[in-house]
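Each chain, letter by letter, is given below.
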Amino acid sequence: MATPTIPNGEEYFFPIIYEGNGAGQRVGKFVPFTDNGTIANSCIFNDDDSPELSRTPSSETNRDTFTLSFWIKRCNIGSLQLIFQHGANANNCTQFSFDSSDRLQYQQVDGGSNTDSLVTNRTFEDTSKFYHILLAVDTTQATEANRVRMYVDGDEITSWSTANYPTQNTDTDVNTTTEFSIGRQLSGTAYSPDCYFAEMNFVDGTQHTPSTFGITDTSTNRWIPKTLTGITYGTNGFRLQFQDSSSLGDDTSGNTNDFTATNLASTDQTTSSPTQNFNTFASFNSGTSATDGNLIVSTGTTNGAAQAVAQSGFGVATGKWYWEVKITTTGAGLWGWKDDGSAGGSQASTSGTQGGGNFSGALSTGASGQYSAGSWFIDHRYTEEVNYTTVSTNDVLMFAMDLDSGKGYCGKNGTWFNSANPANGTGAIGGCHRANGINKFYPCAVRSDSNSVGEFNFGQKSFAHTPPTGFSTLQQDNLPETAKGISGLVWTKNRDAADNHQLYDSSRGKQLVLASNTDGIESTVVDGLQKFLKGGQQIEDSDAINTAGESFVSWNWVANGGTTASNTDGSIASTVQANTTAGFSIVKYVGTGANATVGHGLSSAPEWVMTRIRNAGSVAGFAVGCTADPSGFNNFLYLNETTASTASAATWNNTAPTNSVFSVGTSEIGNYNGYNMLAYCWHSVDGFSKIGFFKGNGSTDGPMIYTGFRPAWLLIKRTDSSTGGNWSIIDSTRYPANPIGPPLLADSTDAESGLSSITMDLLSNGFKIRNTLNSNNNSSGTYIYMAFASNPFVGDGTSPVTAR
């Protein structure tokens, strides 16, 4: 067999399974940054300590114009947290903060009242990443929206819960000879942030844009720090890099506008930063909690098992990893790791079987019930107890996971239990037997009965002991690279609840969503998808894509990295983002209401076209045209309905697509006069994708459909009848082994558990039907399908990919 055009299908199409955390996260394969500028340090602000950096300027300067840029990794959320106040007191000041709903807010406070106030609709609850936040003020601007501007990760905030802009030429309290307080209320100890601050820059007299401080990494599409040059800081400007642990308020701008540090110690300096982000904790239940940068974990005092789990973004499925825990209170806690195969998934909730004791391997620091002090347990089964040694206050536990060989290790104070040598692979004590390159593993802490406290170190500070040779820290740059491209079309569905399917694409842009199962217009979800990334996407806390404790699947098609081009091949001008290698394009155009053609940007004629009205009323959902339909583009189907294929000259003008254009008729579903339209276009690519049809036989020995690859994703629809005519989506990520489990339905909100199983096998070169359901194998039924591969039948061109 010849080497296929696309030897690695995951470069162009990939499914993702993830657990919602109800806050914000990066889903997919966490890939390292390509650094432009390096940020070496950050400073931990622990709210329990009431930390503060303060300075009182000696001279008043420009009160109208300034810029504040900083990177922040949040820890504790859900409370009012001040970033800065500048003024005479808390009732007369300019302030910037997170409110109790985790929204950013800028306020001018005079006499205890907010005279100017801007509060975002978007919330900021992701504790796994460093946000870049830019506040740029210039009250002299004639346009009120330009007087106070906020940017997050390079994107300007334009959606506001409150938008009371300053009047033109309003004087703020910034740059007056009153106190500038970072992290604490003026003349008080309230409202401290709980976070990491990194690379904080204040510019006196200039309103900057994000490009001064950051840049988009074109290889991953992330917003990253840049090397800072050419900044004129002005008289009261400063730069806090937190590079001197004995003087965390040291100004390195050249102005020597140093800040006085209060309740900040040298140990609050850390090497975790936007360019070398280390793991922390984020998921807690039943009283477990973390402080001091989410690194000191308390398992709590309530009886019964509960757990704290490290960040899901740092879950690892392969490789060798090392971390330490200094036990400061022994208690009846267990310290080790868990994996996705344990009940509760990556971020366990507080209910049902998702309780805290679901670990893969853990060491008990105190006796409680079935748990003996100083014993190692595997998979929450005390029958597999192995006693090693007791643990005392200030002992340092060492953990090492070798997921490539499925071995786990634990030790104390420089000595590995069982006389192990992780570097040589000897003396493993278990807990990694579910390592298969798919299940992800996470550090965790588990309460049994009484409180236990441990201080985690993932490498953001110096280790007490030398890691075994070949073992890495849980830091973003050490995580494995991915060959996956930047997501262009993201189709997400909640597997556990009846939520709408959510379709985002990088041509329309972030936060703009359409549903496959409904009609209606495009909606803006400010807490929805924020970035289309290499190997995945960045999301906030929208319930439809990130409900805590619920499972989601995301199907991703790679387009052209978000870069579009004008296309005049058709009678209607279009804007196209095309991946000609993978046979996929995203097309935007404005309807005319008359028979017309639209350029699609592909090198071959599309075999599958879906059109949708973006900004009209509830007219229709996606209209689907398919060459595999026996009636071809003389007919159409609705993606949100079970109806049979319907004849309609008004939809595609009875004309099949060509190598340069697809045709639209007079129907509103594909050509609504004066309205914004959208089309997704695909054609088959040998070894990667296949669009076709088959006839059902009504037998448990159903037809075998040849595709030339093992499908990673499959969409099937009966065209000749509405009986059993759902749009069934099958993928090998949700169910990697045959027979394949329940589908999800593109035309329905149904959760996965409420659906009948479609029994079929995904084979190395196609799929085999093994039931008699109308939805995919009626004896008289005609079915169209679209399939995408992870790998072609010949694998990388030399080794066939096998069925499972």
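Residues numbered from 1 in each chain as written. Predicted model: local features only at pLDDT ≥ 70, side-chain atom pairs only at ≥ 80, totals over all residues. Heavy atoms only, no water.

### Some thoughts on the overall build of the chain
Threshold: Each helix is a run of DSSP H or I of at least 4 residues and each strand a run of E of at least 2, with the numbering of both proceeding from the N terminus. Only protein chains enter the accessibility calculation, which uses a 1.4 Å probe. A residue is then buried if its area is under 20% of the maximum for its type, exposed if over 50%, and partly exposed in between. Per-residue accessibility takes into account occlusion by the displayed protein chains alone, with areas from the Shrake-Rupley method and a 1.4 Å probe. Think of it this way: Lys and Arg go in the positive column, Asp and Glu in the negative one, and His and the chain ends go nowhere. Charged side chains are reduced to one point each, which is NZ for Lys, CZ for Arg, CG for Asp and CD for Glu.
Check the secondary structure of the chain and you find four helices and 59 strands. C-alpha atoms of the chain, sized along the principal axes, occupy 80 × 75 × 45 Å. Per-residue burial for the chain yields a buried fraction of 61% across its 804 residues. Summing over all exposed atoms, the chain offers an accessible surface of approximately 26,000 Å²; the carbon and sulfur share of this is 43%. The average position of the 44 basic charges and that of the 71 acidic charges among the side chains of the chain differ by 7 Å.

### A closer look at the nonpolar core
Within soluble globular proteins, side chains that are nonpolar tend to cluster in buried spots. Heads up, the rule is: For the purposes of this section, nonpolar cores are sets of buried Ala, Val, Leu, Ile, Met, Phe, Trp, Tyr and Cys residues that join through side-chain atoms within 4.5 Å.
Ranked by internal contacts, the top residues of the largest apolar core, which has 41 residues, are W323, W335 and F399. Put simply, the parts of the chain that give this core at least two residues each are β15 (195-204), β24 (306-310), β25 (320-329), β26 (333-339), β28 (375-378), β30 (396-402) and β33 (441-447). The dominant element in this core, judged by the number of residues it contributes, is β25, at four residues. In this structure, W491, M610, F688 and M786 belong to the second largest nonpolar core, which totals 40 residues.

### Concerning the pattern of salt bridges
The criterion, for reference: Just to be clear on terms, a salt bridge is a Lys or Arg side-chain nitrogen sitting within 4 Å of an Asp or Glu carboxyl oxygen.
Summed over the entire model, instances satisfying the criterion amount to 22 salt bridges. Across the pair R103 and D99 runs a salt bridge, and its minimum N-O distance is 2.8 Å. Residue classification places D99 among the buried positions, given a relative accessible area of 7%. Across the salt bridge formed by K129 and D153, the nearest N and O atoms sit 2.8 Å from each other. Of the two residues, K129 is situated in the loop between β9 (113-123) and β10 (131-138) and D153 in the loop between β11 (148-152) and β12 (155-156); the sequence distance between them amounts to 24 residues. Three or more residues are tied together by salt bridges with common partners; here these are R495, D731, R734 and E752.

### Considering the sheet that holds strand β7 (residues 92-98)
Hydrogen bonds between backbone atoms are what pair the strands of a sheet, whose relative direction is either parallel or antiparallel. For clarity, the threshold we go by: Pairing between two strands is assigned when DSSP locates at least 2 bridges connecting them. Each axis is a line fitted through C-alpha atoms, taken for helices only over the stretch in contact, and angles between the N-to-C directions span 0 to 180 degrees.
With antiparallel pairing, the eight strands of this open sheet are ordered in space as β13-β9-β8-β7-β6-β14-β4-β19. The two strands at the open ends of the sheet, each matched to only one other strand, are β13 (160-164) and β19 (260-262). Averaged over all pairs of adjacent strands, the angle between their axes in this sheet comes to 15°, without regard to strand direction. Across four bridges, strand β6 (residues 81-89) lies against strand β14 (residues 179-182) in antiparallel orientation. Looking at β14, one finds that H86 is bridged to F180.

### Quick word on the environment of K326
What counts is decided by this rule: Any two residues whose heavy atoms approach within 4.5 Å at even a single point are treated as in contact.
By the element assignment, K326 lies in strand β25. For K326, a relative accessible area of 35% corresponds to the partly exposed category. Linking K326 and F694, residues 368 residues apart in sequence, is a C-alpha distance of 62 Å. Here K326 is in contact with N394, D395, V396, V453, G454 and E455, once residues within four sequence places are set aside.

### Some details on the side chain of T482
Defined as follows: Counting of polar contacts relies on pairs of N or O atoms within 3.5 Å, with two restrictions inside protein: one atom must be capable of donating a hydrogen and the other of accepting it, and residues adjacent in sequence are counted only when both atoms are side-chain atoms.
Structurally, T482 can be placed in the loop between β34 (453-457) and β35 (487-494). Looking at T482, the relative accessible area reads 7%, which means it is buried. Within polar-contact distance, the side chain of T482 engages the backbone nitrogen of K484 at 3.0 Å.

### Some words on the pairing of strand β1 (residues 13-19)
The side chains of a regular strand alternate, residue by residue, between the two faces of the sheet. Counting buried residues in β1 gives six out of seven residues, a clear majority hidden from the surface. As defined by bridge partners, β1 adjoins strand β41 (residues 551-558) across seven bridges and the pair is classed as antiparallel. The residue bridging F14 from the neighbouring strand is N556, located in β41.

### Quick word on unusual backbone geometry
In most cases, non-glycine residues show a negative phi, while peptide bonds are predominantly trans. The omega torsion of the bond from N738 to P739 falls at -5°, within 30 degrees of zero and hence cis. By the secondary structure assignment, P739 is in the loop between β55 (728-731) and β56 (744-745). Of note in the backbone geometry, E199 takes a positive phi value of approximately 40° without being a glycine. E199 sits in the buried class, given a relative accessible area of 7%. A positive phi angle, close to 55°, is found at T256, a residue other than glycine. According to the relative accessible area criterion, T256 is exposed, its value standing at 58%.

### Re the sheet that holds strand β39 (residues 529-533)
Taken together, the three strands give an open sheet; going across it, the order is β2-β40-β39, and neighbouring strands pair in antiparallel fashion. At either margin of the open sheet sits one strand with a lone partner, and together these are β2 (25-28) and β39. Ignoring strand direction, the axes of neighbouring strands in this sheet form an average angle of 20°. Strand direction decides the pairing type here: β2 and strand β40 (residues 536-539), joined by four bridges, are antiparallel. Across the sheet, the residue bridging to V27 is Q537, located in β40.

### Some remarks on the state of the cysteines
Put simply, the test is: Note on terminology: pairs of cysteine sulfur atoms within 2.5 Å are recorded as disulfides.
Using the criterion set out here, one finds zero disulfides in the structure. Cysteine C75 remains unbridged, with the sulfur of C195 as its closest cysteine sulfur at 6.7 Å. Free cysteine: C410, not disulfide-bonded; nearest cysteine sulfur from C432 at 11 Å.

### Things to note about the confidence of the model for the chain
Quick reminder of the rule: A residue's pLDDT is the confidence the predictor assigns to it, expressed on a 0 to 100 scale.
Per-residue pLDDT for the chain has a mean of 91; in total, 94% of the residues score no lower than 70. Across residues 346-356, confidence stays below pLDDT 50; counting only partners more than four residues off in sequence or on other chains, it has 34 contacts. The model gives residues 794-804 a pLDDT under 50, and that stretch makes 28 contacts with residues more than four places away or in other chains.

### Side note on the environment of W491
Summarising the element assignment, W491 is placed in strand β35. For W491, a relative accessible area of 3% translates into the label buried. Considered as a pair, W491 and L503 are twelve residues apart in the sequence and their alpha carbons are 4.5 Å apart. Here W491 is in contact with H501, Q502, L503, S516, V553, S554, W555, W557, L639, W713, I729 and A746, once residues within four sequence places are set aside. Engagement of the side chain of W491 in a polar contact is seen with the side chain of H501, the distance being 3.0 Å.

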